[in-house]
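Survey of secondary and tertiary structure
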Amino acid sequence: MTTHHPIAIVGGGLGGLTLARVLHTHGIEAALYESEPSSGARGQGGMLDIHDDSGQVALRAAGLYDEFRALVHPGGEAMRVLDKHGKVRLDQEDDGQGGRPEVDRGHLRDLLLKSLPDGSIRWGAKATGARRLATGAYEVALADGSAFTADLLIGADGAWSRVRPLLSDDMPAYTGVSFVEFDLLDADVRHPDAAAVVGGGMLFALGEGNGLLAHRETDGSLHVYAAIKAPQEWAAGVDFGDRRAAKAALLTRFTGWDERLRALIADADGTLVPRPIHALPVAHRWPRVPGVTLLGDAAHLMSPFAGEGANLAMLDGARLAQCLAARPGDTEGAIAAYEAEMFPRSEESARGSADNLEVCFRHDAPQGLLDQFALYARQD
């Protein structure tokens, strides 16, 4: 027998979890299917800055704001901007008054997981496709050969969503920028020079076509993204299974940079992981299709240069849940209301993200980023 659910969510990232949690607070249960085999199957990445007008709004709706505040990394909003020669162009301390406190992504995910009833999540359930049935319900096929059906299907399954094709033919396109992700462990003891360069919070070291983005983790490590403007084929031509070869290839891209910045790459611990950056069209949207919608990266994948991805996913989840709770018996009206506000909100952020990507790597970098920060300060 195929399992049937009134509401099913595909994807157990921050957006899907927030949706399930806010629905639960309104007495509405949903089944959540996640491809990972367990909550601890892999690391969850680095720090997130949770914005007061999006991610924090979602956490308040989830009834988890106070618990979130206890997870905030003190000093994490500190920020430094350097040019390629190592000159400090901006150095801001965290005064505790900012609206974007930093939190470990894994800790935030654990908070959401623990807020759900036992059995809410079906682990190890990788969706391979979805189709609409003659009854109007949706069937989702899983990699193990099983399937489930749902009256309302919500795709929270990220960049390469298996639910999105029910609504849109658009696919993510390469942005022209690739990240290489790595860590420097126990930085204050093992990598004191790197720790001093990064500081207590976030580092932007930018030059034309390249950048080093780093932040200090709650465990004392430094999480670093080396960003390069390069054809997508560049990463495919590097043997990232050979750490020495990967470092050499990456260091070549940073020829002429200050040696303290190059040392972030040279001294990296563990594996270097390539991450080509993709995005959906800035104004991605779709016509209303009964019984199905998307949230987070499945709906509006964008580059990370606006810092909005996780925040928007959580806000999407919270607002969709609130719309459903406010319109019992009118699922279509609820989804229409949700999409009507989500589309312009995500388009604005996606446009900003695309613009910021260009600003960060233009010929006079980091001047464009400094100009933006100065503009934001005047507006505040």
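Calculation rules
Residues numbered from 1 in each chain as written. Predicted model: local features only at pLDDT ≥ 70, side-chain atom pairs only at ≥ 80, totals over all residues. Heavy atoms only, no water. Helix = DSSP H or I, 4+ residues; strand = E, 2+ residues; numbered from the N terminus. Rg over C-alpha atoms; globule rule 2.2 N^0.38 Å. Contact = heavy atoms within 4.5 Å. Areas by Shrake-Rupley, 256 points an atom, 1.4 Å probe, with all protein chains shown as cover. Lys, Arg positive; Asp, Glu negative; His and termini not counted. Charge placed at Lys NZ, Arg CZ, Asp CG, Glu CD. Buried < 20%, exposed > 50% of the residue type's maximum accessible area, 1.4 Å probe, protein only. Arc of directions from axis to C-beta. Polar contact = N/O pair within 3.5 Å; in protein donor to acceptor, adjacent residues only side chain to side chain. Pairing = 2+ DSSP bridges. Axes fitted to C-alpha atoms, helices over the stretch in contact; angles between N-to-C directions. 1 Å grid on protein atoms, 1.4 Å probe; cavity = no way out; pocket = protein on both sides within 12 Å on 5 of 7 lines; lining within 4 Å. Points joined across faces, edges and corners; volume = space filled by probe spheres on them. Nonpolar A, V, L, I, M, F, W, Y, C, P; charged D, E, K, R; others polar.

Focus: the overall build of the chain
The number of helices and strands found in the chain is 13 helices and 16 strands. The C-alpha radius of gyration computed for the chain amounts to 21 Å, which stays within 12% of the reference 21 Å derived for 380 residues, consistent with globular compactness. Across its three principal directions, the C-alpha atoms of the chain cover 65 × 45 × 35 Å. Partitioning the intrachain contacts of the chain with sequence separation of at least 6 by distance along the chain shows that 71% fall at a separation of at least 24. Within the structure as shown, the chain displays about 16,400 Å² of accessible surface, and the carbon and sulfur contribution to it stands at 49%. Charge-centre separation for the chain: the mean point of 36 positive side chains lies 2 Å from the mean point of 53 negative side chains.

A word on helix H8 (residues 243–253)
Where H8 is concerned, the buried positions are Ala246, Lys247, Leu250 and Leu251. Mapping the buried residues of H8 onto a view down its axis gives an arc of 130°, with all of them on the same face. Counted as exposed and oriented over 90 degrees from the buried face of H8: Arg244 and Thr252. Packing partners of the buried residues in H8 comprise strand S11 (173–184), strand S14 (222–229), helix H7 (233–236), helix H9 (259–266) and strand S15 (269–279). The N-cap residue of H8 is Asp242: its side-chain oxygen and the backbone nitrogen of Arg244 are 3.2 Å apart.

Digging into the sheet that holds strand S4 (residues 79–83)
One open sheet holds the 7 strands; their spatial order is S5-S4-S12-S13-S14-S11-S15, and the pairing between them is mixed. Since the sheet does not close on itself, it has two edges, and those belong to strand S5 (88–92) and S15, each with one partner. On average, adjacent strands in this sheet sit at an angle of 15° to one another, irrespective of strand direction. The pairing of S4 with S5 spans 4 bridges and is antiparallel. Of the residues in S5, the one forming a bridge with Arg80 is Asp91. Where H8 meets the sheet, it contacts S11, strand S13 (210–216), S14 and S15, and its direction lies at approximately 50° from that of S15.

Quick look at empty space enclosed by the protein
Across all of its chains, the model carries 1 cavity of 30 Å³ or more by this definition. Considered as a void within the structure, the largest cavity measures approximately 40 Å³ in volume. Together, Ala20, Leu23, Ile28, Glu29, Ala30, Leu116, Pro117 and Ser120 line the largest cavity. Split into classes, the residues belonging to the lining of the largest cavity amount to 6 nonpolar, 1 polar and 1 charged.

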